[in-house]
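Report on the structure
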Amino acid sequence: MKPMDLGAARAAATLPAALGQRIEPTREADPLLAVEGLSLTRGESLILDDVSFTLRRGATLGLVGESGAGKSTIALTLIGLLRAPEVGLAGTIDLDGAGNVTQANEAAWLKLRGRRVTMIFQDASAALNPCFTIGRQITTPLRRVLGLSRSAARARAIELLESVGLNDAPSRLSAYPHQLSGGMQQRVMIAIALSSNPDLLLADEPTSALDVTIQAQIIRLILDESRRRSASCIFVLHDLALASQCCDDIVVLYGGQVMETGPSRVVLEAPMHPYTQALKGCVLEFDTEELEPLPSGAPSFASMTPACRFAPRCPRALDKCSATKPPLVETRGRKVACWNPVT
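Below: a short report on this structure. Counting starts from 1 at the beginning of each chain's written sequence and moves along it residue by residue. Totals for whole chains, interfaces and linings use every residue, but because this is a predicted model, local features are given only for residues with pLDDT of at least 70 and side-chain atom pairs only at 80 or more, for both listing and counting. Derived side-chain values reflect all non-hydrogen atoms in the structure, with water molecules and hydrogen atoms excluded from consideration.

Put simply, a salt bridge is a Lys or Arg side-chain nitrogen that is within 4 Å of an Asp or Glu carboxyl oxygen. Under the criterion given, the structure shown has 14 salt bridges. A salt bridge links Arg228 to Glu225; the shortest N-O distance between them is 2.7 Å. Residue Arg228 and its partner Glu225 are both found in helix α9 (residues 212-228); the two are separated by three residues, about one turn of the helix. A 1.4 Å probe rolled over the protein chains alone gives each residue an accessible area, and that area as a share of the maximum for its type sets the label: buried under 20%, exposed over 50%, partly exposed in between. Residue classification places Arg228 among the exposed residues on the basis of a relative accessible area of 55%. Look at Glu225 and you get buried, because its relative accessible area is 7%. The salt bridge involving Arg229 is made with Glu225; its shortest N-O contact spans 2.3 Å. One connected set of salt bridges, linked through shared partners, spans Arg57, Asp96, Arg116 and Asp199. Strands here mean DSSP runs of E at least two residues long; helices mean DSSP runs of H or I at least four residues long; both are numbered from the N terminus.

Strand order in the open sheet formed by three strands is β2-β1-β4, with antiparallel pairing between adjacent strands. Sheet topology places β2 (45-55) and β4 (88-95) at the edges, where each strand pairs with a single neighbour. Along the sheet, successive strands turn relative to each other by an average axial angle of 10°, direction set aside. One ladder, built from seven bridges, connects strand β1 (residues 33-42) with β4; its direction is antiparallel. Its bridge partner being in β4, Ala34 is matched across the sheet by Asp94. Pairs of residues are marked as contacts when any of their non-hydrogen atoms sit within 4.5 Å. Throughout, an axis means a line fitted to C-alpha atoms (over the contacting stretch in the case of helices), and angles, computed between N-to-C directions, take values from 0 to 180 degrees. Sheet strands in contact with helix α2 (residues 71-78) are β1, β2 and β4, and its direction is about 70° off that of β2. Following DSSP output, two strands are said to pair if at least two bridges run between them.

What follows deals with the side chain of Thr60. Take Thr60: it is sitting in strand β3 (residues 60-64). On the basis of relative accessible area, Thr60 is assigned to the buried category, the value being 7%. Apart from the residues lying within four places of it in its own chain, the contact partners of Thr60 are Leu55, Leu223, Cys233, Phe235, Cys246, Cys247, Asp248 and Asp249.

On to the packing of aromatic side chains. Each Phe, Tyr or Trp ring, with Trp reduced to its six-membered ring, pairs with another whose centre is within 6.5 Å; inter-plane angles below 30 degrees give stacked pairs, above 60 give edge-to-face pairs, and intermediate values give tilted ones. Scanning the model with the defined rule gives three aromatic pairs in all. Aromatic side chains Tyr254 and Tyr275 sit 4.8 Å apart centroid to centroid with 65° between the ring planes, which places their arrangement in the edge-to-face category. Highlighted residues: Tyr254 in strand β8 (residues 249-254) and Tyr275 in helix α12 (residues 274-281), separated in sequence by 21 residues. Here Tyr254 and Tyr275 have matching classes, each one buried. The interplanar angle of 75° and the centroid separation of 5.1 Å between the aromatic rings of Tyr254 and Phe310 together place this pair among those described as edge-to-face.

Below, the discussion takes up the pairing of β3. Counting buried residues along β3, five of its five residues qualify, which places the element largely inside the surrounding structure. On β3, burial covers both faces: Thr60, Gly62 and Val64 on one face and Leu61 and Leu63 on the other are all buried. Across four bridges, β3 lies against β8 in parallel orientation. Bridge assignment links Gly62 to a residue of β8, and that residue is Ile250.

In structure tokens, the structure reads:
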């Protein structure tokens, strides 16, 4: 076996045929989402540094990287849960012609959040309110966002729970979150996120707390339901093997900077950035004799170089890497920000 055949052993172990047939996204000139030069500061720390990427209509995109890379921060910014004055924002976020929403107020976000963009949070047990029944937590947004009557919202809630694979859906409406398993809670989160037929679905590590068999079911469910509703999806992931199977495109992040981005199979099968290559070396697969972990740990934002933030840990670093930030340039079917890429 090759050292990193992402589509084989690991996928066979966790996602056998679970993801189904990949549907080719549309290739329209105007993307559903365009993020350009997005920077986010918290106090004196620059958390996101000039992040740019696009999401095609009907496509899935993966944000990958180590903990602290800025993946969840991007997702929270895209749904308007991180904004001024809590943080400083620069750059543009254009959601399907809605204009730049980086400076939008809460009133403007109320017209987008829950309607055009929704989110599946990482830990369903923490995201669901333990004080309210499942039924109330599903029907409340249906009534407020879609304006459904009480009876229509209840009928829609039952339909949604059945669509995400929960049996005996009517009785689940009176249950509290703690009365459901982790997999059931995550299905409820998916039902809530899909209830308004959003254009953009954000999934932040949606299977991190689940065993591998449930992981496959949840990922398949998210993909099937988003495709059925013609929604685009952004996954926040640590698992490169999973990203290769469920994402059309990928954005590799380190310290809030984009290192490499492009079609997932192009980027993961033949990475050009040393960081992407290092991430591949950390993936555990069948018949793997030796892992190649990155040296030391990721530094704090306060100690990161103002140029390429990966330079202190990069085995291919040049003097200019710590002095000048490399531009994100297109080459060999992807975009790479590196002064000394792998060839």
